[in-house]
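Read off the chains here:
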Amino acid sequence: MGVDCDNRRLIVGLIGLPGCGKSTVGRQLARRLQIPFFDSDQVIEQRLGTSVRVLFEREGEARFRDIEVDVIDELTRHERCIVSTGGGAVLRTENRLNLKTRCKVVYLRSEPGELYRRLRHDVSRPLLQVADPLKKLQELFSVRDPLYKEVAHFVIETDRPSIFHLVNRILAQLEVAGVNIPR
Ligand code: S3P
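Residues numbered from 1 in each chain as written. Predicted model: local features only at pLDDT ≥ 70, side-chain atom pairs only at ≥ 80, totals over all residues. Heavy atoms only, no water.

Draft legend 1. Region of the structure containing the nonpolar core. One finds Ile15, Leu33, Ile82 and Ile170 to be the most contacted residues of the largest nonpolar core, which totals 54 residues. Every residue in contact with Ile170, bar those within four places of it in the chain, is listed here: Leu14, Val25, Leu29, Val106, Leu108 and Ile156. (Core = buried A, V, L, I, M, F, W, Y, C linked by side-chain atoms within 4.5 Å. Buried < 20%, exposed > 50% of the residue type's maximum accessible area, 1.4 Å probe, protein only. Contact = heavy atoms within 4.5 Å.)

Draft legend 2. Quick peek at the pairing of strand S4 (residues 104–109). Of all six residues in S4, six are buried; the element is thus mostly enclosed. Two elements, strand S1 (residues 10–15) and S4, share four bridges in a ladder whose sense is parallel. Residue pairing in the sheet places Ile15 in a bridge with Tyr107 of S4. Of the strand pairs in this sheet, S4 and strand S5 (residues 154–157) are connected by four bridges, and their pairing is parallel. Bridge pairing in S5 links Val106 to Phe154. (Helix = DSSP H or I, 4+ residues; strand = E, 2+ residues; numbered from the N terminus. Pairing = 2+ DSSP bridges.)

Draft legend 3. Main features of the side chain of Asn98. Here Asn98 lies in helix H5 (residues 93–102). Given a relative accessible area of 11%, Asn98 falls into the buried group.

Draft legend 4. Here's a closer look at the site of the ligand. As a matter of local geometry, the ligand sits amid 14 residues, with Lys22, Asp41, Arg65, Arg125 and Arg144 nearest to it. In this structure, an oxygen atom belonging to the ligand sits 3.5 Å away from a main-chain N or O atom of Gly88. Relative to its unbound accessible surface of 380 Å², the ligand loses 93% to contact with the protein. For the shell around the ligand, the secondary-structure elements that each account for two or more residues are helix H3 (52–59) and helix H4 (61–75). (Near = heavy atom within 4 Å. Polar contact = N/O pair within 3.5 Å; in protein donor to acceptor, adjacent residues only side chain to side chain. Areas by Shrake-Rupley, 256 points an atom, 1.4 Å probe, with all protein chains shown as cover.)

Right, here's the structure in full:
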């Protein structure tokens, strides 16, 4: 699957639809691997001093995507870290290339129905503030699932397992790929 086995450099990129658990899993994974964690949306929010939702409203999605490209480019140049990306990061070719070539990419794959169950009360995600968020998640899934699969080195079905279980599954996959996991 094209994963290199250089143990010195380790960037794990987490991709998947909103609500699949990228940030929560990423934070735990970073703790277990004892390396820094970055969430690309949080980095954008800190830099611009505004929420992603307000950024979408004021400057539009295209502007957000441009900033996201720069932030993901920067984060994936680190030596060792976990990078959780926004659900739409794979829409841009630059992000797909940078993630695929610089990271071990894990796709946390969830069905739209399950994501809807988790996100039905969420107000922070601009794309889901629509009359029928389930339909929107189904549309996002049909467009993005092939892109996530194209970029991913590992696909982890998330259904409803615990975060602990998901992190262990990712660590097991990384170990098989030759990464040293601290005990
Ligand atoms: C987006 C997902 C969000 C955030 C922005 C756009 C998307 O991140 O980047 O609202 O296009 O799916 P999460 O996947 O962390 O919700």
